[in-house]
Every structure is written in C-alpha cells, then in structure tokens.
Amino acid sequence: MASETDPRPAKSSGTYRIGGELTVDRLGYGAMQITGPGVWGDPKDPAEAVRVLRRAYELGVTFIDTADSYGPFVSELLIKEALHPYADDLVIATKAGLTRGGPGVWRPVGRPEYLRQQCELSLRHLGLESIGLYQLHRIDAKVPLEDQLGELVLLRQEGKIQHIGLSEVSVAQVEAARRIAPIVSVQNLYNVADRSAEEVLTYCETNDIAFIPWFPIATGELARPGGPLDAISTEHGATPAQLALAWLLRRSPVMLPIPGTSSVAHLEENVAAATIELTDAEYESLSTAT
C-alpha cells in the first residue's frame, strides 16, 4: 500500500471545512482510548499515549476529537502535554455534557452553569484560548434544549468556542437544535456494520454538516472468514479495520472518521487506511452486505 512510503498518509483522506472555516484532513483521531480502563483515570502507559498523539500529527492527522469526560480530563491533559503549543493546522474538538461516576459510568448533565464550567476547564486543560469545535456530548432530557444550546451560543459570542456540534442525536433533534444555534457537526455511532444513523448522515450530507462516526472500525460479521471484508482484505493486503475506514471515507464527503487507539503501531495501521482505494465493486459489496 502507498502508506509504506507516504510519510503523512492521512493527507490521502482529503479535506473538509468544519463550519466552512476549519479545514481538517478527513481521517482524524479519537482520543478516548488514551485513558484507563472504562475510560477512567490515567492510562497504563502515559508515555505511549503521548507518543501516539505526536505520531498522529506526524502522519498527517489534523483533527483530534476528545471530551472532558474522558478520564475525566485525562485525555485533554495528555493532548496538551503532547502537542501544545499547537500547530496552526491542528484542530482540537472536545465535548461536555456527560458526567462520570466511575469506570464505564456516564450520566448526562446539561445545566447551563455546568456546561460553562466544563468549557472553562477544557480551555485550561487543553491550553487554548478558544475551542475550535465544542460539542454537546448528550442532550439532557431534564433541561430545555434552549438552555443547553443557549449557553453554548453565549460561549461562542464570547469567543471561547468557535463552532457548536452535537452527539448521538436524531434528525428531529438536529433540526430543533438548528433553530437555536448554528450546528456544524454531528457525532453518532456509525460504521460499516451498524448504519442505524443512516438517516442522520443523509441529513448532514444535504446540509453540509460534518458527520463524525464514533466506533468507526467495527466490522461485525462482515469480517468473518469468507465474508466480504475477509475477501477484500486478501485482495488489498489490508486488515478488515482498514477497509472499514476506507469504506467510511468513500461513503460521504462530510464523513470524518476518528479511529482511536493507545498504541503507535495500531495508529499507524489505522491511518494507512486513508491510502486504500476501493474499487466500485468492492465498495458496493460492502455497502449492500448489511
């Protein structure tokens, strides 16, 4: 594959302008896995986490997605340690709206004063004066949407954030949110094996909203021996996970996959997926397999 000689393979994924302003290479990096088990506490090897983040940028990744709840704050602090002062072309996106009660425990809190506090903390932990993309991690059903997004609008007016995104939402929720604030991104579960968010992706395509699929390299039964991913893997000399990422990148020009890992070797494997070009037949085979 071309990745063996290309020093910045992420560049092969093409670019997208988030909110029409923030240009990023479409294959990014999700920084959830550089924390401890259950996305809680420090990683087993903090030095490796720093190496992963620095290597991601060396490989051409210019979009890193994190959240205050990853650790909590462990991911943001590691990003600052590894990459601050940030390169001009590097966009750090973070999220607020999920609180942590322990490993694997996530509870939505969307009170305006809480979201403001978390934004201020993220600014400090990341070492930023303004966050390029700030995402509401979950809509809190106990708080009016106008109050949750209204606070993010105020933060944007104050220059503390530049653009607003959402996570795990329906089309109806995106439409409701857009009546309150400009929404430039949506982050939903989506991969080659689970396309339950297809309607949301189509809406994002129509309205030029970035679609950030989390858990992007899940392959499910498609990677079984003799399955479509298995067969195409042999043809390309690539892993099923790489092909899953290549399929996502081809699926839509607004797609920004953010595979995460705590290993430099796995990172390099993931980013190499940007150089894989599926044939029309291969793409259709995967598209119709589920």
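Residues numbered from 1 in each chain as written. Predicted model: local features only at pLDDT ≥ 70, side-chain atom pairs only at ≥ 80, totals over all residues. Heavy atoms only, no water.

Draft legend 1. View of the sheet that holds strand β8 (residues 131-136). Pairing within the open sheet is parallel, and its seven strands lie in the order β3-β4-β5-β8-β9-β10-β11. Every interior strand has two partners, whereas the edge strands, β3 (29-30) and β11 (210-214), have only one. Two elements, strand β10 (residues 183-189) and β11, share five bridges in a ladder whose sense is parallel. Directly across from Val186, in β11, lies its bridge partner Phe211. (Pairing = 2+ DSSP bridges. Helix = DSSP H or I, 4+ residues; strand = E, 2+ residues; numbered from the N terminus.)

Draft legend 2. Examining the environment of Leu286 more closely. Considering the arrangement of structural elements, one finds Leu286 in helix α10 (residues 280-287). Of the residues examined, Leu286 reaches a relative accessible area of 0% and is grouped as buried. Each C-alpha atom, one on Leu286 and one on Gly227, is 9.8 Å from the other, the two residues being 59 residues apart in sequence. Ignoring anything within four residues of it in the chain, the contact list for Leu286 reads Val192, Arg195, Pro228, Leu229, Ile232, Trp247 and Leu278. (Buried < 20%, exposed > 50% of the residue type's maximum accessible area, 1.4 Å probe, protein only. Contact = heavy atoms within 4.5 Å.)

Draft legend 3. Structural context of the nonpolar core. Formed by 89 residues in total, the largest nonpolar core has its most connected members in Tyr29, Leu53, Phe63, Ile64, Ile79 and Phe211. No other element matches the seven residues that helix α8 (residues 240-251) contributes to this core. Setting aside chain neighbours within four positions, we find Leu53 in contact with Tyr29, Ile34, Ile64, Leu78, Ile79, Ala82 and Leu83. (Core = buried A, V, L, I, M, F, W, Y, C linked by side-chain atoms within 4.5 Å.)

Draft legend 4. Up close: the packing of aromatic side chains. A full pass over the atoms with the stated rule returns four aromatic pairs. Seen from their ring centres, Tyr190 and Phe211 are 5.6 Å apart, and the 85 degrees between their planes marks the pair as edge-to-face. Here Tyr190 is found in the loop between β10 and α6 (198-206), whereas its partner Phe211 is found in strand β11, with 21 residues between them in sequence. Between the aromatic rings of Tyr190 and Trp247, the centroid separation amounts to 6.3 Å while the plane-to-plane angle is 20 degrees, which identifies the pairing as stacked. In this pair, Tyr190 sits in the loop between β10 and α6 while Trp247 sits in helix α8, placing the two residues 57 residues apart along the sequence. Among the residues examined, Tyr190 registers a relative accessible area of 0% and is labelled buried. The exposure class assigned to Trp247 is buried, which follows from its relative accessible area of 1%. (Phe/Tyr/Trp six-rings, centres within 6.5 Å; stacked < 30°, edge-to-face > 60°.)

Draft legend 5. The arrangement of the side chain of Asp65 in detail. Its place among the elements puts Asp65 in strand β4 (residues 63-65). Take Asp65: its relative accessible area is 2%, and that puts it in the buried class. Separated by 3.3 Å, the side chains of Asp65 and Gln187 make a polar contact. Residues contacting Asp65, with those up to four places away along its chain left out, are Tyr29, Gly30, Ala31, Tyr70, Ala93, Lys95, Gln135, Gln187 and Ile258. (Polar contact = N/O pair within 3.5 Å; in protein donor to acceptor, adjacent residues only side chain to side chain.)

Draft legend 6. Focus on helix α5 (residues 171-178). Within the sequence span of α5, burial applies to Val171, Val174 and Ala177. Viewed along the axis of α5, the buried residues span an arc of 125 degrees, placing them on a single side of the element. Structurally, α5 contributes buried residues whose contacts are with α4 (145-157), β9 (161-167), β10 and α6. (Arc of directions from axis to C-beta.)

Draft legend 7. Expanded view of the pattern of salt bridges. Scanning the entire structure with this criterion turns up 14 salt bridges. Note that Arg51 is salt-bridged to Glu48, the shortest N-O span being 2.9 Å. Linking Arg51 with Glu48, this pair stays in helix α1 (residues 46-58), spanning three residues, or about one helical turn. For Glu48, a relative accessible area of 17% puts it in the buried group. A salt bridge links Glu158 to Arg116; its shortest N-O distance comes to 2.9 Å. Taken together, the residues span a long stretch of sequence, with Glu158 in the loop between α4 and β9 and Arg116 in helix α3 (residues 112-126) at a distance of 42 residues. Residue classification places Glu158 among the partly exposed positions, given a relative accessible area of 42%. Relative accessible area serves as the criterion here: at 22%, Arg116 is assigned to the partly exposed category. One network of salt bridges, with partners in common, ties together Arg116, Glu120, Glu151, Glu158 and Lys160. (Salt bridge = Lys/Arg side-chain N within 4 Å of Asp/Glu carboxyl O.)

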